[in-house]
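# A look at the structure
What follows is each chain in one-letter form.
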Amino acid sequence: MRILSIDTSCDETAAAVTEDTKVLSNIVWSQASLHARWGGVFPSLAQREHKTRIDFVIKRALGSKFRNLKGIDAIAVTVGPGLAVALEVGIAKAKHLSKTYKKPLLCVNHIEGHILSVLAKPKNIKNKKSKSLDKPPAFPTLAFVASGGTTELIIVKEVGKYKVVAQTMDDALGEALDKAARMLGLGYPGGAVLEKIAKNGNPDSYLLPVPMSGQEDRLKFSYSGLKTALYRLIEKEKPLTREKIINLAASYQNAAFQHAERLIKRVLSDFQIKELWFSGGVSANTELRKRIRKICRENEILLRLPYSKKLCTDNAAMIGVAAFFKSLRGEFTKDLDTVERVPRLSVEEYP
Ligand code: KG4
């Protein structure tokens, strides 16, 4: 099944062509630099940019091989969760293409896309050495999705059946990293820069509280207290030197990651989990990958990660993979006119 997929859920205009779980093309136009001066995504600007870029991105994804959607079997689009005004752009385009070229439409949940991004395969699979890519998934699996908008631990009973066991009460992990980077004057989005800086720092140089310490049984993520603690520490340490910034970054990252590690361990001790799937923008972080890999080794379970870092942050290839599994279940949209954006869609619900 060849699918043209579209994702405009936040500040990336993305289109991809997938064949079952194989990624044939994956084009992402990031608006991050445009939103940098606001320190976060500015909705009306995001919408305007999606409208300006979407045709170009789709054209690039299709290339000459699939011109006029020749050889494409279906269209997939993210309907939520995400920014309402941004989602609208992708949905309108997908409906238009579906009507014009008479292709069935599949509506996809963005979080399900992130979860299933670990099952995406590269075009030239022979060139990729990965044990997990050839292995069929074993269930139940624990998915850890950590991005700028989401921090969730989800039990995957099987593809398409999800139970959220832990989510954040306030900020998402990626958002917490972005805010820390901003406070330290490192720019936006800051997760990747913070990681780079933290590598040279000492994570024990400052004592920052690990969120929800001793309350792991509540199965809740919370990052706003840590953020406030960093703010106070920065005020105390001013003027900041390069050395102080590096050590603050390392100490903050350490506390933020320890919180995630503790909750993952808690869930693994409660459920008979066979695999751990780590995805979303923060899954590009090498330090957190290392820590999660260690947990998986200790629990003798397989760790699956997206095969490329381009599949960690927002992209449409993951939407194509999720749509492929939906097509196997016959979940095509029956009435195009009823398709609408669902900004607060949960992964337990179906679009
Ligand atoms: O999945 P994504 O592109 O967008 C959302 O749906 O939010 O994730 C973006 C988030 C940002 O918060 C960004 O700072 C974070 O992922 N991120 C990272 C890294 N690369 C991106 N966080 C930590 N380490 C990284 N290397």
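Heads up: these notes are all about the structure in this document. (Residues numbered from 1 in each chain as written. Predicted model: local features only at pLDDT ≥ 70, side-chain atom pairs only at ≥ 80, totals over all residues. Heavy atoms only, no water.)

### Describing the sheet that holds strand β2 (residues 12–19)
- The mixed open sheet is built from six strands, whose spatial order is β5-β4-β1-β2-β3-β6. Two strands in the sheet have a free side with no partner beyond their single neighbour: β5 (105–109) and β6 (121–122).
- Here strand β3 (residues 22–30) pairs with β6 via two bridges, running parallel. Following the sheet pairing, Val-23 is matched in β6 by Pro-122.
- Sitting on the sheet, helix α2 (residues 43–62) is in contact with β1 (2–7), β2 and β3, with an inclination near 25° to β2.
- Contacts between helix α3 (residues 84–101) and the sheet are confined to β1, β4 (74–80) and β5, with β4 contributing the most and set at about 155° to the helix. (Pairing = 2+ DSSP bridges. Helix = DSSP H or I, 4+ residues; strand = E, 2+ residues; numbered from the N terminus. Contact = heavy atoms within 4.5 Å. Axes fitted to C-alpha atoms, helices over the stretch in contact; angles between N-to-C directions.)

### Regarding helix α11 (residues 317–328)
- Along its 12 residues, α11 runs 17 Å from first to last C-alpha, staying within 8% of the 16 Å computed at 1.5 Å per residue.
- Counting buried positions along α11 yields 11 of 12 residues, so the element is predominantly enclosed.
- Restricting attention to buried positions, one finds in α11 the residues Ala-317, Met-318, Ile-319, Gly-320, Val-321, Ala-322, Ala-323, Phe-324, Phe-325, Lys-326 and Ser-327.
- After α11 finishes, the residue Gly-330 shows a positive phi value of roughly 70°. (Expected span 1.5 Å × (residues − 1). Buried < 20%, exposed > 50% of the residue type's maximum accessible area, 1.4 Å probe, protein only.)

### Structural notes on the site of the ligand
- Looking at the ligand, there are 18 residues lining it, with Gly-148, Asp-178, Gly-191, Glu-195 and Asp-314 nearest.
- Relative to its unbound accessible area of 560 Å², the ligand is 88% covered by the protein chains.
- Of all the secondary structure elements, the ones that give two or more residues to the shell around the ligand are α4 (110–116), α6 (173–183) and α7 (191–198).
- For the shell around the ligand, a count of residues per class yields five nonpolar, 10 polar and three charged. (Near = heavy atom within 4 Å. Areas by Shrake-Rupley, 256 points an atom, 1.4 Å probe, with all protein chains shown as cover. Nonpolar A, V, L, I, M, F, W, Y, C, P; charged D, E, K, R; others polar.)

### Here's the deal with the nonpolar core
- Ranked by size, the top nonpolar core spans 52 residues in total, and within it Leu-142, Phe-144, Leu-153, Leu-173 and Leu-276 carry the most contacts.
- Sorting elements by how many residues they give to this core places helix α9 (residues 242–270) first, with 14 residues.
- Sequence-distant contacts of Leu-142, that is, excluding residues within four places in its chain, are made with Leu-153, Ile-154, Ile-155, Val-165, Ile-264, Val-267, Leu-268, Ile-273, Glu-275, Leu-276 and Trp-277.
- In terms of nonpolar packing, the next biggest core, distinct from the first, is built from 33 residues, Ala-74, Val-118, Tyr-162 and Met-318 among them. (Core = buried A, V, L, I, M, F, W, Y, C linked by side-chain atoms within 4.5 Å.)

### Details of the sheet that holds strand β8 (residues 151–158)
- Spatially, six strands are ordered β10-β9-β8-β7-β11-β12 in an open sheet, and the strand pairing comes out mixed. Both edges of this open sheet fall to β10 (220–221) and β12 (302–304), since each of them pairs with a single strand only.
- As judged from the three bridges shared by strand β11 (residues 275–279) and β12, these two strands associate in the parallel manner. Within β12, the residue paired with Trp-277 across the bridge is Arg-304.

### Let's talk about the pattern of salt bridges
- The final tally for this structure, using the stated rule, is 23 salt bridges.
- In this structure, Arg-2 engages Glu-19 in a salt bridge whose closest nitrogen and oxygen atoms are separated by 2.9 Å. Placement of the pair is Arg-2 in strand β1 and Glu-19 in strand β2, with a sequence separation of 17 residues.
- One salt bridge connects Arg-266 with Asp-217, and the closest N-O pair in it is separated by 2.5 Å. In this pair, Arg-266 sits in helix α9 while Asp-217 sits in the loop between α7 and β10, placing the two residues 49 residues apart along the sequence.
- Relative accessible area serves as the criterion here: at 25%, Arg-266 is assigned to the partly exposed category. (Salt bridge = Lys/Arg side-chain N within 4 Å of Asp/Glu carboxyl O.)

### Concerning the side chain of Lys-95
- By secondary structure assignment, the location of Lys-95 is in helix α3.
- Although Lys-95 is buried, it makes no salt bridge; Asp-337 carries the closest opposite charge, 5.7 Å away.
- Other than its neighbours up to four places away in sequence, Lys-95 contacts Leu-336, Asp-337 and Val-339. (Lys, Arg positive; Asp, Glu negative; His and termini not counted.)

### Considerations on the side chain of Arg-291
- Tracing the backbone through its elements, the reader meets Arg-291 in helix α10 (residues 286–299).
- By relative accessible area, which is 16% here, Arg-291 ends up buried.
- Apart from residues lying up to four places away in sequence, Arg-291 is in contact with Asn-254, Phe-257, Gln-258 and Glu-261.

### Re the packing of helix α8 (residues 224–237) against α9
- As a packed pair, α8 and α9 sit with axes 11 Å apart at the nearest point and diverge in direction by 160°. In terms of orientation, α8 lies roughly antiparallel with respect to α9. As for the relative orientation of α8 and α9, their crossing is right-handed in sense. Counted together, Leu-226, Lys-227, Leu-230, Leu-233, Ile-234 and Glu-237 of α8 and Lys-244, Leu-248, Tyr-252, Ala-255 and Ala-256 of α9 form the full contact between these two elements.
- Among the residues making up the contact of α8 with α9, the classes are represented as eight nonpolar, no polar and three charged. (Parallel < 35°, antiparallel > 145°, perpendicular 65-115°, else oblique. Left-handed = near helix turned anticlockwise from the far one by under 90°.)

### What about unusual backbone geometry?
- Each neighbour pair has its own omega, and for Tyr-188 with Pro-189 the value is -10°, a cis peptide bond.
- Tracing the sequence through the fold places Pro-189 in the loop between α6 and α7.
- Even without being glycine, Leu-69 reaches a positive phi, approximately 60°.
- With respect to the helices, strands and loops of the structure, Leu-69 is situated in the loop between α2 and β4.

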